[in-house]
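# Per-entry structural report
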Amino acid sequence: MTPLIAGNWKMNGSLTEADRLAVLAAAQSRVEVLICPPFTLIGEVSRRLAGTGIAVGGQDCHAAASGAHTGDVSAEMLKDAGASFVIVGHSERRQDHVETNEVVRAKAAAAHRAGLTPIICVGETQDERRAGKANDVVARQIEGSLPAGGKAMAIAYEPVWAIGTGRTPTASDIAAMHAFIRRQAGANVRILYGGSVKPTNAKEILALPDVDGALVGGASLNADDFFAIVCAA
Ligand code: PGA
């Protein structure tokens, strides 16, 4: 499987950084690269990255195609703006917007309807890991959040306690969780690791079995750091 390195800019990012990415992209073609800017930048970033091989994605979408949903954006609108992927069920959305597995599944199905590839995020909290419940929590999230139909999708395993903290699980914990997810999700689903991926730890993490790429937050905001991670894959 070709590795996928995805950058999640969250509520950050600028066109200057997108231009720098476009320059760096020319240096590689082995890895699939995706950048997920905030909604307001998707159209312009798509235009600036056209022809570079870097795909553009959304960070969320509404489950409906259109309608009276003030402030929301549909998967069809993302597609129209140039996106080919969308992240759904990120733990920050699950927490800040109280998104349940059912909501995440509907958003992933909406992505398929619009012709986007959903990246479905799962991951346990620190308390859940300490209580020995990490596998149960992730299994329930996968069971509840994955859409039916066998269309292309990726899963991002992002332990909540590793996001933005500089902490990561041990290599053997990452490998064990990815093998566990692989058994549930099947051979054709890309399984990304996310949570404090940096140029310094990317090589070790990306070499682990069943790790098919990374979802990178903080380190994707700097084009040089992000490309160091791409080159580590
Ligand atoms: P981080 O975020 O790389 O800053 O830990 C990852 C994510 O939330 O996708």
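Residues numbered from 1 in each chain as written. Predicted model: local features only at pLDDT ≥ 70, side-chain atom pairs only at ≥ 80, totals over all residues. Heavy atoms only, no water.

## Here we look at the side chain of Gln126
- Tracing the backbone through its elements, the reader meets Gln126 in helix 6 (residues 126-130).
- Among the residues examined, Gln126 registers a relative accessible area of 19% and is labelled buried.
- Side-chain polar atoms of Gln126 contact the side chain of Arg167, separated by 2.6 Å.
- Other than its neighbours up to four places away in sequence, Gln126 contacts Trp161 and Arg167. (Helix = DSSP H or I, 4+ residues; strand = E, 2+ residues; numbered from the N terminus. Buried < 20%, exposed > 50% of the residue type's maximum accessible area, 1.4 Å probe, protein only. Polar contact = N/O pair within 3.5 Å; in protein donor to acceptor, adjacent residues only side chain to side chain. Contact = heavy atoms within 4.5 Å.)

## Describing the pattern of salt bridges
- Considering all chains together, one arrives at 17 salt bridges under this definition.
- Between Arg48 and Asp19 there is a salt bridge, and its shortest N-O distance comes to 2.8 Å. Placement of Arg48 in helix 2 (residues 39-49) and of Asp19 in helix 1 (residues 15-25) is noted, with a sequence separation of 29 residues between them.
- Accessibility expressed as a relative area gives 32% for Arg48, which makes it partly exposed.
- With a closest N to O distance of 3.2 Å, Glu44 and Arg47 form a salt bridge. Separated by 3 residues within a single helix, Glu44 and Arg47 lie in helix 2, roughly one turn from each other.
- The exposed category is assigned to Arg47, whose relative accessible area is 58%.
- Within this structure, Asp19, Glu44, Arg47 and Arg48 form a network of salt bridges that share partners. (Salt bridge = Lys/Arg side-chain N within 4 Å of Asp/Glu carboxyl O.)

## Description of the layout of surface pockets
- Estimates place the volume of the largest pocket at around 420 Å³.
- Elements represented by at least two residues in the lining of the largest pocket include exactly helix 2 and helix 4 (91-96).
- Among the elements that take part in the lining of the largest pocket, helix 4 stands out by supplying 3 residues, more than any other.
- A breakdown of the residues in the lining of the largest pocket according to their chemical character gives 4 nonpolar, 6 polar and 6 charged.
- Roughly 190 Å³ of volume is contained in the second largest pocket.
- Around the second largest pocket, the lining residues are Ser91, Arg94, Gln95, Asn101, Gly123, Thr125, Glu128, Val137, Arg140, Gln141 and Val160.
- Elements with a minimum of two residues in the lining of the second largest pocket: helix 4 and helix 7 (134-145). (1 Å grid on protein atoms, 1.4 Å probe; cavity = no way out; pocket = protein on both sides within 12 Å on 5 of 7 lines; lining within 4 Å. Points joined across faces, edges and corners; volume = space filled by probe spheres on them. Nonpolar A, V, L, I, M, F, W, Y, C, P; charged D, E, K, R; others polar.)

## Some words on the site of the ligand
- Around the ligand sit 13 residues, and of these Lys10, His90, Glu158, Gly164 and Ser196 come closest.
- Between an oxygen atom of the ligand and a main-chain N or O atom of Gly218, the distance comes to 2.8 Å.
- Summarising the interface, the protein chains cover 97% of the accessible area of the ligand, which totals 280 Å² for the free molecule.
- Counted by class, the shell around the ligand contains 4 nonpolar, 7 polar and 2 charged residues. (Near = heavy atom within 4 Å. Areas by Shrake-Rupley, 256 points an atom, 1.4 Å probe, with all protein chains shown as cover.)

## A short note on the pairing of strand 5 (residues 117-122)
- Counting buried residues in strand 5 gives 5 out of 6 residues, a clear majority hidden from the surface.
- Bridge count for strand 4 (residues 85-88) against strand 5 is 4 bridges, and the pairing is parallel. When the bridges of strand 5 are listed, Val86 appears paired with Pro118.
- Where strand 5 and strand 6 (residues 154-157) come together, 4 bridges link them in parallel fashion. Among the inter-strand pairings, Ile120 is bridged to a residue of strand 6, identified as Ile155. (Pairing = 2+ DSSP bridges.)

## Structural notes on unusual backbone geometry
- Positive phi values are uncommon outside glycine, yet Ser196 reaches one of about 60°.
- In this structure, Ser196 sits in the loop between strand 7 (190-194) and helix 9 (202-206).
- One non-glycine residue, Asp210, adopts positive backbone phi at about 70°.
- For Asp210, the position within the fold is in the loop between helix 9 and strand 8 (213-216).
- Residue classification places Asp210 among the partly exposed residues on the basis of a relative accessible area of 26%.

## Focus on the nonpolar core
- Judged by nonpolar contacts, the single largest core of 64 residues is most densely connected at Ile5, Leu21, Ile35, Ile181 and Phe226.
- When sequence neighbours within four positions are dropped, the list of residues in contact with Leu21 reads Trp9, Ile35, Leu49, Ile54, Ala223, Phe226 and Phe227.
- Membership of the second largest hydrophobic core comes to 13 residues, among which are Leu4, Ala6, Phe85 and Ala154. (Core = buried A, V, L, I, M, F, W, Y, C linked by side-chain atoms within 4.5 Å.)

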